Amino acid sequence: QRLRAAVHYTVGCLCQEVEEDKDVQFSKQSIAAISEITFRQCEIFAKDLEMFARHAKRTTVTTEDVKLLARRSNSLLKYITQKSEELTSSNMEQKEKKKKKSNVAKGERTPGEQEAAVTENEDSNMA
């Protein structure tokens, strides 16, 4: 019930934005109908995603499942693919930062620091 109420609230907010932008009015009944259709469609999407994962013998829904679900809408598929790539690159950057921090905490040097140390050592040997 709370989820249904949250969907109804969100649809109401979106309708309010459209009202302001397009100078149209939505009745309470139309907002309720849009909310109900949206909620039912989300239930169908959730079941489809679960089936896609189960078909692949997985218990986790992946981004590939979501892309498969969105395949009929080119613009939605493009948006999901773009966001997925952004999240992947962001996650990779965070992993690199964590790796550098753990190396620093352990007293290990990053590859750039190792190279500088070797160069410094060679310079002192030449002197």
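Structural notes, computed from the coordinates. All values reported here derive from a predicted model rather than from experimental measurement. (Residues numbered from 1 in each chain as written. Predicted model: local features only at pLDDT ≥ 70, side-chain atom pairs only at ≥ 80, totals over all residues. Heavy atoms only, no water.)

Some remarks on the pattern of salt bridges
And then number 1: Within the structure shown, the criterion is met by six salt bridges.
And then number 2: For Glu 36, the salt bridge goes to Arg 40, with nearest N and O atoms at 3.0 Å. Taken together, the positions of Glu 36 and Arg 40, both in helix H2 (residues 28–55) and four residues apart, correspond to about one turn of that helix.
And then number 3: For Arg 54, the salt bridge goes to Glu 50, with nearest N and O atoms at 3.0 Å. Of this pair, Arg 54 and Glu 50 are both found in helix H2, four residues apart, which corresponds to roughly one turn of the helix.
And then number 4: Several salt bridges converge on common partners, so that one network encompasses Arg 4, Glu 36 and Arg 40. (Salt bridge = Lys/Arg side-chain N within 4 Å of Asp/Glu carboxyl O. Helix = DSSP H or I, 4+ residues; strand = E, 2+ residues; numbered from the N terminus.)

Comments concerning the side chain of Asp 65
And then number 1: Following the sequence through the fold, Asp 65 ends up in helix H3 (residues 63–69).
And then number 2: Within the structure, Asp 65 has its side chain in polar contact with the side chain of Arg 58 (distance 2.9 Å).
And then number 3: Not counting chain neighbours up to four residues away, the residues in contact with Asp 65 comprise Leu 49, Phe 52, Ala 53, Arg 58 and Thr 60. (Polar contact = N/O pair within 3.5 Å; in protein donor to acceptor, adjacent residues only side chain to side chain. Contact = heavy atoms within 4.5 Å.)

Here we look at the side chain of Glu 19
And then number 1: On the secondary structure map, Glu 19 appears in helix H1 (residues 2–22).
And then number 2: Once residues within four sequence positions are removed from consideration, Glu 19 is found in contact with Val 24, Gln 25 and Phe 26.

Some details on the packing of H1 against H2
And then number 1: Closest axis-to-axis distance for the H1/H2 pair is 9 Å, and the angle between their directions is 125°. Of the possible angle classes, the one that applies to H1 and H2 is oblique. Along this stretch, H1 crosses H2, giving a crossing that reads as right-handed. Contact with H1, carried on its side by Leu 3, Arg 4, Val 7, His 8, Val 11, Gly 12 and Cys 15, involves Ile 31, Ala 32, Ile 34, Ser 35, Glu 36, Thr 38 and Phe 39 of H2 and no other residues of that element.
And then number 2: Residues that form the contact of H1 with H2 fall into these classes: eight nonpolar, four polar and two charged. (Axes fitted to C-alpha atoms, helices over the stretch in contact; angles between N-to-C directions. Parallel < 35°, antiparallel > 145°, perpendicular 65-115°, else oblique. Left-handed = near helix turned anticlockwise from the far one by under 90°. Nonpolar A, V, L, I, M, F, W, Y, C, P; charged D, E, K, R; others polar.)

Scope: geometric values only; no functional claims are made or implied.
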